[in-house]
Amino acid sequence: MSKVRTRYAPSPTGKMHVGNLRSALYEFLIAKHAGGDFMLRIEDTDQERFVEGATDIIYRTLDSAGLKHDEGPDKDGGFGPYIQSERMKSGIYMEYAKKLVERGEAYYCFCDKERLDSLKTEIVEGKEIMMYDKHCLSLSKEEVEAKLASGIPFVIRQNIPNEGTTTFHDELYGDISVENAELDDMVLIKSDGYPTYNFANVVDDHTMNITHVVRGNEYLSSAPKYQRLYDAFGWDSPVYIHLPLITDENHKKLSKRSGHASFEDLIAQGFLTDAVVNYIALLGWSPEDNREIFTLNELIWEFDYHRISKSPAVFDIVKLKWMNGEYLKAMDFDKFYEMALPYLRKSITKDYDLKKIAAMVKTRIEIFPDIADHIDFFECVPDYDSSMYAHKKMKTTPETSLEVLRELLPILEEQDDYSNDALYETLSKYVADKGCKNGYVMWPVRTAVSGKQMTPGGATEIMEVLGKEESLARLRAAVAKLDAGQESSL
Ligand code: GLU
């Protein structure tokens, strides 16, 4: 068995979409699972689609996702160059195209735009495809040579017979046969001398010893033409794995509009790289058990490409958020604090102990931007309604709350130690003296110091962060508010 070699072969045309990253990840995992090599090849022969800076995004994304390539433009492994526009300089694509011409599997075509525009088109998978009528196939060798010598622009086309069928194999979809008559004589070498993406892809996968190819199933319709090229050269084709589409919650293709179609968008929204990679691994693949949380190393160990599913994968942002939350819970506190700090600072300008606040929210948020909603009350108490003091289970009402807060105020004014433990002791003692339930006291105190029904910490934890002065100010304001409420209802 030859060494497993996979490649991620992006065209630098923009951001790295979730689907691209999934292909890269699966290619990486297949190689690493088998102790093989993962290669990066830049497919930049389509100069019109080239986007400045897109290659940098590819490097950045692979690097931050931990998908280290063993070979690539920046890491020679003996199969270079790894950028197609550079490979082209050696004449490799033209050389192979000419081999096909010699074998009658390809031919020169000199038709101009006008003639091509006049040809019939067919709708294939919603796209208008021109079916070339093999006009130039009938040119004699001499005619071709004369046209070449006189410098008439040309392309080289694949020669696909009108009869018969072509069968190719995909790991997920099995054997697929198509009528040759449905396949157009696609261009292999364009008039600018560049190979088409499809042709360069085949030549490179073969000459770079690629064993497994993972890509989106939008390429499935080109696969028979690839197969014919492999057969024409007498090469074995790599194992093909065409992945099902990734859809949004409405089963529509994941698009830019959904706002989370690209890796960089997700990171900008506050998702963790590890969680995104973990989640993407599960978009079409599942392990034997129901396990969902995997580090990259665990994925390498577990990843069996035979378990990739061909049903469409739904990108579920709610699930990704949940997963992100699991990563935050498991994260080492110091690292969490460092990453949370910019978000904490955005919400809090006062001189509070941000570490304590971070500890309170760590297990409660799913993504960092959630922090704001949890901690806004530290900065100032929101405008809340006195009815919040009424809690059935705690058996509290605005009236009982007013009584409790009034009684507690002088006790808390006396106290200097505002640590969580000391405050808790004080309140517990008060509870015991009063002979009531904990919540009967804790609920009004927490409401008074936060103005919120849900807070990341208990009453005394919050007071510890606020400190004596601010805690008392909030308790007094609450008493005044409840007092005013009672008077107005008299
Ligand atoms: N260059 C193609 C793309 O960016 C890669 C297709 C393939 O992996 O074969 O979509």
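Structure shown above.
Once a new chain begins, its residue numbering starts again from 1 and follows that chain's sequence as written. Residues qualify for local features only when their pLDDT is at least 70, as the model is predicted, and side-chain atom pairs are given and counted only at 80 or more; totals for whole chains, interfaces and linings, by contrast, use all residues. As a rule here, side-chain values come from all non-hydrogen atoms in the structure, and water together with hydrogens is ignored.

## Digging into the pattern of salt bridges
Note the cut-off: Each salt bridge in this description consists of a side-chain nitrogen of Lys or Arg and a carboxyl oxygen of Asp or Glu lying within 4 Å of one another. The helix and strand labels rest on DSSP assignments: H or I over at least four residues marks a helix, E over at least two residues marks a strand, and numbering proceeds from the N terminus. A 1.4 Å probe rolled over the protein chains alone gives each residue an accessible area, and that area as a share of the maximum for its type sets the label: buried under 20%, exposed over 50%, partly exposed in between.
Using the criterion set out here, one finds 29 salt bridges in the structure. The residue lysine 3 makes a salt bridge to aspartate 37 at a minimum N-O spacing of 3.4 Å. Placement of lysine 3 in the segment before strand E1 (5-8) and of aspartate 37 in strand E2 (residues 37-40) is noted, with a sequence separation of 34 residues between them. Here lysine 3 falls in the partly exposed class, since its relative accessible area comes to 48%. Two residues, glutamate 403 and lysine 434, come together in a salt bridge whose shortest N-O distance is 2.7 Å. In this pair, glutamate 403 sits in helix H16 (residues 398-414) while lysine 434 sits in helix H17 (residues 420-434), placing the two residues 31 residues apart along the sequence. Relative accessible area serves as the criterion here: at 29%, lysine 434 is assigned to the partly exposed category. Members of the salt-bridge network, linked through shared partners, are Arg7, Glu27, Arg41, Glu43, Arg87, Asp204 and Asp205.

## Some remarks on the side chain of asparagine 159
Counted only if it meets this: A 3.5 Å cut-off defines polar contacts: any pair of N or O atoms within that distance qualifies, except that in protein one atom must be a possible hydrogen donor and the other a possible acceptor, and neighbouring residues in sequence count only when both atoms are side-chain atoms. Whether two residues touch is decided by their heavy atoms; if any such pair falls within 4.5 Å, the residues are in contact.
Summarising the element assignment, asparagine 159 is placed in the loop between strand E6 (155-158) and strand E7 (165-170). For asparagine 159, a relative accessible area of 15% corresponds to the buried category. Among the polar contacts made by the side chain of asparagine 159, one reaches the main-chain carbonyl oxygen of glycine 104 at a distance of 3.0 Å. When neighbours within four sequence positions are excluded, asparagine 159 is seen to be in contact with Gly104, Glu105, Ala106, Tyr107, Lys134, Leu137 and Asp185.

## Let's talk about the site of the ligand
Defined as follows: Proximity is defined per residue: if any heavy atom of the residue lies within 4 Å of a molecule or strand, that residue is considered near it. Computed with the Shrake-Rupley method and a 1.4 Å probe, the accessible areas treat only the protein chains shown as cover for residues. When residue character is reported, Ala, Val, Leu, Ile, Met, Phe, Trp, Tyr, Cys and Pro are called nonpolar, Asp, Glu, Lys and Arg charged, and the others, Gly included, polar.
Taken together, Arg7, Ala9, Pro10, Ser11, Glu43, Tyr197, Asn201, Arg215 and Tyr219 make up all the residues around the ligand. In the environment of the ligand, a nitrogen atom lies 2.7 Å from a nitrogen or oxygen atom belonging to the backbone of alanine 9. The contact in question runs from an oxygen atom of the ligand to an N or O atom on the side chain of arginine 215, over 2.9 Å. Burial of the ligand by the surrounding chains reaches 86%, relative to a free accessible area of 290 Å². Among the residues making up the shell around the ligand, the classes are represented as four nonpolar, two polar and three charged.

## A short note on helix H8 (residues 223-233)
Buried residues dominate H8, accounting for ten of its eleven residues. Here H8 has its buried residues at Ala223, Pro224, Lys225, Tyr226, Gln227, Arg228, Leu229, Tyr230, Ala232 and Phe233. Of the residues one or two after H8, glycine 234 is the one with positive phi, at around 75°.

## Some thoughts on empty space enclosed by the protein
Put simply, the rule reads: Here a cavity denotes grid points, spaced 1 Å and computed from the protein atoms alone, that fit a 1.4 Å probe unable to get out, and a pocket denotes an open set having protein on both sides within 12 Å along at least 5 of 7 lines; residues with an atom within 4 Å of a point are the lining. Grid points are joined across faces, edges and corners, and a volume is the space filled by probe spheres set on the points.
Overall, the coordinates contain one cavity of 30 Å³ or more when judged by the stated rule. There is about 40 Å³ of room inside the largest cavity. Surrounding the largest cavity, Ser11, Pro12, Thr13, Glu43, Asp44, Thr45, Asp46, Arg49 and Phe50 form its lining.

## Let's talk about the environment of glutamate 142
Structurally, the position occupied by glutamate 142 is in helix H6 (residues 141-149). We classify glutamate 142 as exposed; its relative accessible area is 59%. Along the backbone, glutamate 142 and tyrosine 197 are 55 residues apart, and their C-alpha atoms lie at a distance of 30 Å.

## Digging into the side chain of arginine 215
The cut-off we apply is this: Just so you know, the count uses Lys and Arg for positive and Asp and Glu for negative, and it drops His and the chain ends.
Secondary-structure assignment places arginine 215 in strand E10 (residues 212-216). Despite its burial, arginine 215 remains without a salt bridge, the nearest opposite charge being carried by aspartate 205 at 6.1 Å. Separated by 3.3 Å, the side chains of arginine 215 and tyrosine 197 make a polar contact. Non-local contacts of arginine 215, meaning those with residues more than four positions away in its chain, are made with Ser23, Tyr197, Asn201, Tyr226, Tyr240, Ile241, His242 and Leu243.

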